Amino acid sequence: MTNLFSPITMNGLTLPNRIVIPPMDQYSAENGVATEWHSIHYGHLALSGAGLLIVEATAVEAIGRISPNDLGIWNDEQEEGHRAMLRFIRKFSRIPMGIQLGHAGRKASCARPWDGKGALSPAEGGWEVCAPSAAKYDPSSPEPVALTAGDMPRLVKAFVDVASRADRAGYDVIELHAAHGYLLHQFLSPLANFRTDEYGGTLEGRMRFPLEVFKAVRAVVPLSMPVGVRVSGSDFTEGGWNVEECAVFAKELEKLGCSFIHVSGGGLSPNQKITLGPGYQVSMAARVKAATAMPTIAVGLITEPELASGIIISGQADMVAIGRGMLYDPRWPWHAAAKLGVSITDAPRQYLRSEPRTAKGLFI
């Protein structure tokens, strides 16, 4: 029976279990370069026992950063920063490492959450932002510059270049960020894309640019390297992107060789209305999974091992992403294994003596 601790293979990579640590922005880079914070943060998550760790949204160009402190990988110094971080982590952990590549579009040039969020003015270090259409994210945001058809090849090349850098740096997996209201999602949603050319209007038009980006990235990295996409299954707003459109998008990605689809939600509109609850986005992952044969990752307030295991056993998704729960409890997979009566094999020897008396046989 397939369960939470069963291995899964994507392209040439086998994950030891179905637990994924999704990208979670740290806003701690310096000029886009990883710092010691990233090494300690991802280093301790690499000892969690999860099957895959995906590094936070990493910008493909300077104006695509969410904040001035976002990671980047568009130049040599940044690439070397990623390489050094991975080299450090792999001294102590064999966990597969992924990177999420993205562009913030109209949601760029913002302050860090603990600095008050909100758009930065030029005096505060902000910059001009771009989007599919000249439509603000909210009334207090700057009006973005609408991308021209001539900008599309440049942006595709930006994604291609950083994908090659990610491969050279040593990542095992690439995830393209087409969720949470950022640039690729902005193209997909009729609430942000008002274009009248071939990149707007119909669903086919709105999907065109994200599909061009995926196709180009898939072509430039080895076939053995999984390349997947994170999507928002819904804008949670009337008239917005919805799960049925998302299922169509997933089918088109699958035709192009997509390795997995990671189904989240929201982030496109400040008017979104979301009813939160355990596993509140799992039904969207199940719908997308039903439309394709691609491995599907479910995410969204999945905090209890029984819920996570049930999602896999019931076939609603092939993997589960544990985000905030993993920040709070970096040994979540160990605790899940103990609760589900499963043994694990990759605990560091230095930690073997931590095995609880109530879970003898947890560590092999």
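Residues numbered from 1 in each chain as written. Predicted model: local features only at pLDDT ≥ 70, side-chain atom pairs only at ≥ 80, totals over all residues. Heavy atoms only, no water.

Draft legend 1. Seen up close, the overall build of the chain. Along the chain, the regular secondary structure elements total 10 helices and 13 strands. For the chain, the C-alpha radius of gyration of 20 Å lies close to 21 Å, the compact-globule estimate for 364 residues. The C-alpha extent of the chain, read off along each of the three principal axes, is 65 × 40 × 40 Å. Of all 364 residues assigned to the chain, the portion counted as buried reaches 59%. A separation threshold of at least 6 residues defines the contact pool for the chain, and within that pool the share at least 24 residues apart is 69%. (Helix = DSSP H or I, 4+ residues; strand = E, 2+ residues; numbered from the N terminus. Rg over C-alpha atoms; globule rule 2.2 N^0.38 Å. Buried < 20%, exposed > 50% of the residue type's maximum accessible area, 1.4 Å probe, protein only. Contact = heavy atoms within 4.5 Å.)

Draft legend 2. Examining the packing of aromatic side chains more closely. This model, assessed by the stated rule, comprises 7 aromatic pairs. The rings of Phe187, Tyr199 and Phe209 are connected pair by pair, giving a single aromatic cluster. We note Arg65 situated over the ring of Trp127; from NZ or CZ to the ring centre the distance is 4.5 Å. Arg331 extends its terminal NZ or CZ atom over the ring of Trp334, reaching a point 5.3 Å from the ring centre. (Phe/Tyr/Trp six-rings, centres within 6.5 Å; stacked < 30°, edge-to-face > 60°. Lys NZ or Arg CZ within 6 Å of the ring centre and 35° of its normal.)

Draft legend 3. Spotlight on the packing of helix H2 (residues 76-89) against helix H3 (residues 151-169). The contact between H2 and H3 brings their axes to 9 Å, and the two run at 35°. Along this stretch, H2 crosses H3, giving a crossing that reads as right-handed. Contacts from Asp76, Glu79, His82, Arg83 and Leu86 of H2 reach H3 at Arg165, Arg168 and Ala169. (Axes fitted to C-alpha atoms, helices over the stretch in contact; angles between N-to-C directions. Left-handed = near helix turned anticlockwise from the far one by under 90°.)

Draft legend 4. Representation of the pairing of strand S10 (residues 227-232) in the model. Of all the 6 residues making up S10, 6 are buried; the element is thus mostly covered by neighbouring parts of the structure. The alternating pattern of S10 places Val227, Val229 and Val231 on one face and Gly228, Arg230 and Ser232 on the opposite face, and all of these are buried. Relative to S10, strand S9 (residues 173-178) runs parallel, the two sharing 5 bridges. What sits directly across from Glu175, in S10, is Gly228. In terms of strand pairing, S10 meets strand S11 (residues 261-264) through 4 bridges, oriented parallel. (Pairing = 2+ DSSP bridges.)

Draft legend 5. Unusual backbone geometry, seen in detail. We note that Ser109 has phi near 60°; this positive angle belongs to a residue other than glycine. By secondary structure assignment, the location of Ser109 is in the loop between strand S6 (97-102) and strand S7 (130-131).

Draft legend 6. Fine view of the nonpolar core. The biggest cluster of nonpolar side chains holds 88 residues, and the ones touching the most others in it are Tyr171, Ile174, Phe209 and Val229. Within the second largest apolar cluster, 13 residues are counted, among which are Met10, Leu52, Val173 and Val299. (Core = buried A, V, L, I, M, F, W, Y, C linked by side-chain atoms within 4.5 Å.)

Draft legend 7. Expanded view of helix H5 (residues 203-220). For H5, built from 18 residues, the straight-helix expectation of 26 Å at 1.5 Å per residue is met to within 8% by its first-to-last C-alpha distance of 26 Å. The set of residues buried in H5 consists of Leu203, Gly205, Arg206, Met207, Phe209, Pro210, Leu211, Val213, Phe214, Val217 and Arg218. In this fold, the buried residues of H5 make contact with H3, S9, helix H4 (183-188), S10 and helix H6 (243-255). (Expected span 1.5 Å × (residues − 1).)

Draft legend 8. How the structure looks around helix H1 (residues 36-45). Looking at H1, one finds that the buried residues are His38, Ser39, His41, Tyr42, Gly43 and Leu45. Each element contacted by the buried residues of H1 is listed here: strand S3 (19-21), strand S4 (52-59), strand S5 (71-72), H2 and helix H9 (324-328).

Draft legend 9. Fine view of the pattern of salt bridges. One pass over the structure, following the stated rule, counts 18 salt bridges. Asp161 is paired through a salt bridge with Lys157; the nearest N and O atoms lie 2.8 Å apart. With a gap of 4 residues between them, Asp161 and Lys157 both fall in helix H3, about one helical turn apart. The partner of Lys360 in a salt bridge is Glu355, with the nearest N and O atoms 4.0 Å apart. When its relative accessible area of 60% is taken as the criterion, Lys360 is described as exposed. Assessed through its relative accessible area of 18%, Glu355 is described here as buried. (Salt bridge = Lys/Arg side-chain N within 4 Å of Asp/Glu carboxyl O.)

Draft legend 10. Broad picture of the packing of H1 against H2. One way to put it is that H1 packs onto H2 with a least axis distance of 10 Å and a crossing angle of 40°. The angle between H1 and H2 falls in the class oblique. In the crossing of H1 with H2, the sense of the turn from one axis to the other is right-handed. Two secondary-structure elements touch here, H1 through His38, Ser39, Tyr42 and Gly43 and H2 through Met85, Phe88 and Ile89. In terms of residue class, the contact of H1 with H2 is made up of 4 nonpolar, 3 polar and no charged. (Parallel < 35°, antiparallel > 145°, perpendicular 65-115°, else oblique. Nonpolar A, V, L, I, M, F, W, Y, C, P; charged D, E, K, R; others polar.)

Draft legend 11. Here's a closer look at the side chain of Thr292. Note on placement: Thr292 falls in the loop between helix H7 (282-291) and strand S12 (296-299). With relative accessibility at 13%, the residue Thr292 sits in the buried group. Within the structure, the side chain of Thr292 is placed 3.2 Å from the backbone nitrogen of Met294, a separation counted as a polar contact. Once residues within four sequence positions are removed from consideration, Thr292 is found in contact with Ala250, Lys251 and Glu254. (Polar contact = N/O pair within 3.5 Å; in protein donor to acceptor, adjacent residues only side chain to side chain.)

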